[in-house]
Amino acid sequence: MERGERGGEGKGERAFTGARVYTQDPTRPWAGGLIVRDGRVSRLLAEGESPPSGVPTLDLSGRLVLPGFVDAHTHLTLYARNLDRVALGGVPTLEEALARVREAAQRTADAVAVPDGGDWILGQGWDPHAWGGLPDGADLERAAPGRRIALESRDCHACWASAAALAAAGIGAGTPDPAGGRIVRDAAGEPTGILLEKATRLLTAVLPRGAEGESARLERALAEALSLGITGVHVLDAAEGMQKLETCDRSRGLPLRVVCYLAEKDLESALADGRRSGEQNGRVRLGGLKLFTDGALGSRTALLSEPYEGTSDFGIAIHDDAELADLARRAAVGGLAVAIHAIGDRANTRALDALETASAATPAARLPLPHRIEHAQLVFPADAERFGRAGIVASVQPCHIPGDWRPADRHWGDRCAFAYPFRTLLAGGATLALGSDVPVEGWNPFRNLYAAVARRDWDGQPSGGWHPAEALTLREAILACTVGSAVASGEADRRGRLTPGMDADFIALSGDLFELSPESWLELGSDLTVVGGQVVHAAESLDPSF
Ligand SMILES: [Zn+2]
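Source: prediction; values computed, not measured.

Parameters at a glance
- Residues numbered from 1 in each chain as written.
- Predicted model: local features only at pLDDT ≥ 70, side-chain atom pairs only at ≥ 80, totals over all residues.
- Heavy atoms only, no water.
- 1 Å grid on protein atoms, 1.4 Å probe; cavity = no way out; pocket = protein on both sides within 12 Å on 5 of 7 lines; lining within 4 Å.
- Points joined across faces, edges and corners; volume = space filled by probe spheres on them.
- Helix = DSSP H or I, 4+ residues; strand = E, 2+ residues; numbered from the N terminus.
- Nonpolar A, V, L, I, M, F, W, Y, C, P; charged D, E, K, R; others polar.
- Pairing = 2+ DSSP bridges.
- Axes fitted to C-alpha atoms, helices over the stretch in contact; angles between N-to-C directions.
- Buried < 20%, exposed > 50% of the residue type's maximum accessible area, 1.4 Å probe, protein only.
- Polar contact = N/O pair within 3.5 Å; in protein donor to acceptor, adjacent residues only side chain to side chain.

**Student:** Help me out: how do you make sense of empty space enclosed by the protein in this one?
**Tutor:** To find the voids left in a structure, one rolls a probe of water-molecule size over its atoms. Taken as a whole and judged by the stated rule, the model has three cavities of 30 Å³ or more. The volume enclosed by the largest cavity comes to roughly 140 Å³. Looking at the largest cavity, it is lined by 18 residues, and the ones nearest its centre are V70, G232, A486, E491 and R495. Those elements that place two or more of their residues in the lining of the largest cavity are β15 (230-235), β16 (257-263) and α16 (483-488). Counting residues per element, the lining of the largest cavity draws most heavily on β15, which supplies four residues. Residues that form the lining of the largest cavity fall into these classes: six nonpolar, eight polar and four charged. One number sums up the size of the second largest cavity: a volume of about 70 Å³.

**Student:** Explanation requested: the sheet that holds strand β6 (residues 57-59) in the structure shown.
**Tutor:** Sheet strands pair via backbone hydrogen bonds, and the direction of the pair is either parallel or antiparallel. Ordered in space as β5-β4-β1-β6, the four strands form an open sheet in which the pairing is mixed. Among the strands making up the open sheet, the edge pair consists of β5 (40-45) and β6. Geometrically, the sheet is characterised by an average inter-axis angle of 20 degrees between neighbouring strands, direction not taken into account. Bridge count for strand β1 (residues 14-17) against β6 is three bridges, and the pairing is parallel. By the bridge assignment, T17 is partnered in β6 with D59.

**Student:** Hey, could you run me through the layout of surface pockets in this one?
**Tutor:** Space inside the second largest pocket adds up to approximately 700 Å³. Lining the second largest pocket are 32 residues, and of these G89, G90, R154, V440 and E441 lie nearest its centre. Elements that contribute at least two residues to the lining of the second largest pocket include exactly α1 (76-82), β10 (121-126) and α12 (401-412). Of all the elements, α12 adds the most residues to the lining of the second largest pocket, at seven residues. Here the residues of the lining of the second largest pocket sort into 15 nonpolar, seven polar and ten charged.

**Student:** Explanation requested: helix α14 (residues 445-454) in the structure shown.
**Tutor:** Every α-helix carries 3.6 residues per turn, so stepping three or four residues along brings you back to the same face. Where burial is concerned, most of α14 is hidden: nine out of the ten residues are buried. Every buried residue belonging to α14 is among P445, F446, N448, L449, Y450, A451, A452, V453 and A454, and all of these are buried. Sitting at the amino-terminal end of α14 is N444, which places a side-chain oxygen 2.7 Å from the backbone nitrogen of F446. Two residues or fewer past α14, R455 is found with a positive phi of approximately 50 degrees.

Right, here's the structure in full:
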């Protein structure tokens, strides 16, 4: 039985007063409080105005209230899965990474040879740029001899594996590179232990599933999201990820809203089953289908029109033009909106071509959600205008700038004038939807706001901002992670602004964004998170039991 989305949402009237409510309604941008009923905003209160007597009221003591943040690009179920794995994000040296692997090997020494695959050492987050060259399997042998080890890179486009792991996956000198992937080899043709792009799947196919503890990890991840003011996430974790979230919603009720995207491998079954974008099952909504055109900057697999600086390397194309356009068209005609991963300039051109083809083949009213391009990191100025013209949402992740600006300068050179081109995309009429790409980056939305507005890294570099002409204002950045995400999920008529009739999804911040410097935003969190009128997170300083 399909459940309505509104099931279990807060009933009865409740008032939130003493706030600075930033509504994002241009006709009434500010209010002093709001009243919610049946999960929606029923009325805004003027500054100092009291709610009708008898309505339970929480005084927010001057806090800034915003519509809840919706992270438009997450791998929520991957992130939850990673919570108990070797974390290599931000590790500055190869030796330190190996120390962490060694520590995990000791911690799990007893697990060797257990039948459920508990002997594997899994981890993620290493950055191929940080250590002056790619590591290899021999490095892992020094840390944990003989163990089966699989470590995903920060951008999820490369995998670093031990000899025993390669053997478990049957990868040897005679294994050909799969289409769209590469097994890195030494001079003798032996795999070094690095797998790129689709070659990573040779290994991930044999990894243990790690189902034990899964729901507890998901709950931990969700609690963290709520404390950061995230009231919704778009999840690009394929049919399996969607199933996990639906299971969680059915058994315990998801505390926030979820929009899921299927993967290319799910297309045939989705079409056969008549799945449609906009399908709603409890709090889980089907967004559409995610496709890939290229890899990523970090592993130099993003597809470029001119080679990477100082090389003859253009990156990797996952599909040729005709294939990509055909996949997008078939999905759209079948009722699925399409999200295409595109990082390099050539990849963005191809993705736009494919989505324009898909749109031309689909009656406009057919899809309740727009098509979108994920990342849009390097975009020709002429292509930037095509987003707005075709109604294609630019799903961007400002929080990649801090880690990417140096490698981007190195690999893309002068082309960086068109990198992370938020201002140019907006000027061309595009809707920007902000996301984090967690676990590639952390999902703290305040870090995203900082990166979008300051375009500096976490150490404040470069001090004037990286290509500051492309920076967003704070208001534009807030709009992009609220209204922008709602446009992307086809729900802008009910979410993103705090006006009567809209869903009561809002947050009260621990500090006022409009009064603090961007650097101070990084310390902020949500003191009160409300989804569908229900308090789902409250700081100790607030008593939500009113
Ligand atoms: Zn992603």
